[in-house]
Amino acid sequence: MKIAIVGYGKMGKMIENLANEKGIKITARVDPNEPSADFKEIDKDSTKDADVCIDFTHPDVLVSNMEKYAELKKNVVVGTTGWYDKMKDVEDIVKKSGIGCIWSGNFSIGVNMYFRIIEAASKLVNNFDEYDIMGVEYHHNQKADSPSGTMKMIGDIILNNVSRKKKAVYDMMERKIDETEVHLASIRGGKILGIHEIVLDSPSDTITLSHSARTREGFGKGALMAAEFVNGKKGFFEINDMMDSVFGGK
Ligand code: NAD
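All of the points below concern the structure found in this document. Since the structure is predicted, the reported quantities are computational estimates derived from the model, not experimental observations.

**Structural notes on the overall build of the chain**
Right, so step 1: The secondary structure content of the chain amounts to eight helices and 11 strands.
Right, so step 2: Whereas a compact globule of 250 residues would reach a radius of gyration of roughly 18 Å, the chain reaches 19 Å, a difference of no more than 12%.
Right, so step 3: The principal-axis extent of the C-alpha atoms belonging to the chain is close to 60 × 35 × 30 Å.
Right, so step 4: Going through the 250 residues of the chain one by one, you find that 49% of them count as buried.
Right, so step 5: Partitioning the intrachain contacts of the chain with sequence separation of at least 6 by distance along the chain shows that 66% fall at a separation of at least 24.
Right, so step 6: Here the chain contributes 34 positive and 38 negative side-chain charges, whose respective centroids are spaced 4 Å apart.

Listed below in structure tokens is the structure:
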């Protein structure tokens, strides 16, 4: 498998190092703002010879990048976060063009274990009205989106598994919370790579489920695994389509 790296920033460079270690050939590094990249744009030249493009760019450019992958018939791993209000548009672009795409707000194996732990916790909360559920995430001061893609995915897990919760609220709540809402807050500052905390709280006790990313390597390894997964496939895949085989199904 040969890959083109789109977005030669912190994640793009991490993926380059990991691909080199694994002997995966990199055909191009594409970035309009990074002088050391090989190309400035996604086009025929920059994606020539790549089986899969790995996109870790910026939420504002993701849809237009997807249109280019579709036109060039290139399969893609989308690591970029913060574009999820355009999910239907992106799914349509992928399905109409016949390319393969796998997306996730978090490709790390540890976070995907954490997702499954939260799913199990949510099912327990669903059976005990005494326990409420809430969360908070912390990220570095350069992060473009808020809430994190990971927290949005956690919000969906909670809403899908706790039937009395109908809505996730990510903004500041300048009022009393409704019992049908789950509050998931975001804090930005410093160099924090990503901390997510989900709290289960009852009148008697508190349970805290916490995940802290130590390096970007975990995201990069998962993204390369996802590139292997989507190589040669058609369709719009989410992370569980791949993780079911990693963890042996649910
Ligand atoms: P970064 O700012 O270090 O790098 C992003 C790079 O993309 C920049 O160099 C920028 O110039 C470039 N870029 C912008 N528009 C482009 C375009 N149209 N074509 C090519 N390159 C373009 O950011 P980062 O830390 O590498 O993160 C990138 C994205 O990945 C963010 O959305 C972040 O939230 C997300 N992320 C996802 C995961 C995951 O596992 N899914 C993990 C970490 C980060």
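Moving on, there is more to tell.
**Comments concerning the side chain of S97**
Right, so step 1: With respect to the helices, strands and loops of the structure, S97 is situated in helix α4 (residues 87-97).
Right, so step 2: Polar side-chain contacts of S97 include one of 3.0 Å to the backbone oxygen of V94.
Right, so step 3: Apart from residues lying up to four places away in sequence, S97 is in contact with A70 and K73.

**Some thoughts on the packing of helix α7 (residues 217-230) against helix α8 (residues 239-247)**
Right, so step 1: In contact at an axis separation of 11 Å, α7 and α8 are set at 100° when each is read in the N-to-C sense. Our classification of the angle between α7 and α8 gives roughly perpendicular. Where α7 approaches α8, its residues G222, M225, A226 and F229 are matched on the opposing element by D241, M242 and V246.
Right, so step 2: Of the residues contributing to the contact of α7 with α8, the split by class is five nonpolar, one polar and one charged.

**Quick word on the site of the ligand**
Right, so step 1: The immediate surroundings of the ligand are formed by 23 residues, with M11, D31, N33, T81 and F107 found nearest.
Right, so step 2: At 2.7 Å from an oxygen atom of the ligand is found a side-chain nitrogen or oxygen belonging to D31.
Right, so step 3: The contact in question runs from an oxygen atom of the ligand to an N or O atom on the backbone of F107, over 2.8 Å.
Right, so step 4: Relative to its unbound accessible area of 860 Å², the ligand is 82% covered by the protein chains.
Right, so step 5: Here the residues of the shell around the ligand are counted per class, giving eight nonpolar, 11 polar and four charged.

**What about the pairing of strand β8 (residues 181-188)?**
Right, so step 1: Direction of pairing for strand β6 (residues 132-139) relative to β8: parallel, over a ladder of five bridges. Looking at β8, one finds that Y138 is bridged to I187.

**As for the state of the cysteines**
Right, so step 1: Considering all chains together, one arrives at zero disulfides under this definition.
Right, so step 2: Cysteine C53 remains unbridged, with the sulfur of C101 as its closest cysteine sulfur at 11 Å.
Right, so step 3: Classification of C53 by relative accessible area gives buried; the value is 0%.
Right, so step 4: You can call C101 buried: its relative accessible area is 0%.

So, how was this worked out
Residues numbered from 1 in each chain as written. Predicted model: local features only at pLDDT ≥ 70, side-chain atom pairs only at ≥ 80, totals over all residues. Heavy atoms only, no water. Helix = DSSP H or I, 4+ residues; strand = E, 2+ residues; numbered from the N terminus. Rg over C-alpha atoms; globule rule 2.2 N^0.38 Å. Buried < 20%, exposed > 50% of the residue type's maximum accessible area, 1.4 Å probe, protein only. Contact = heavy atoms within 4.5 Å. Lys, Arg positive; Asp, Glu negative; His and termini not counted. Charge placed at Lys NZ, Arg CZ, Asp CG, Glu CD. Polar contact = N/O pair within 3.5 Å; in protein donor to acceptor, adjacent residues only side chain to side chain. Axes fitted to C-alpha atoms, helices over the stretch in contact; angles between N-to-C directions. Parallel < 35°, antiparallel > 145°, perpendicular 65-115°, else oblique. Nonpolar A, V, L, I, M, F, W, Y, C, P; charged D, E, K, R; others polar. Near = heavy atom within 4 Å. Areas by Shrake-Rupley, 256 points an atom, 1.4 Å probe, with all protein chains shown as cover. Pairing = 2+ DSSP bridges. Disulfide = S-S within 2.5 Å.

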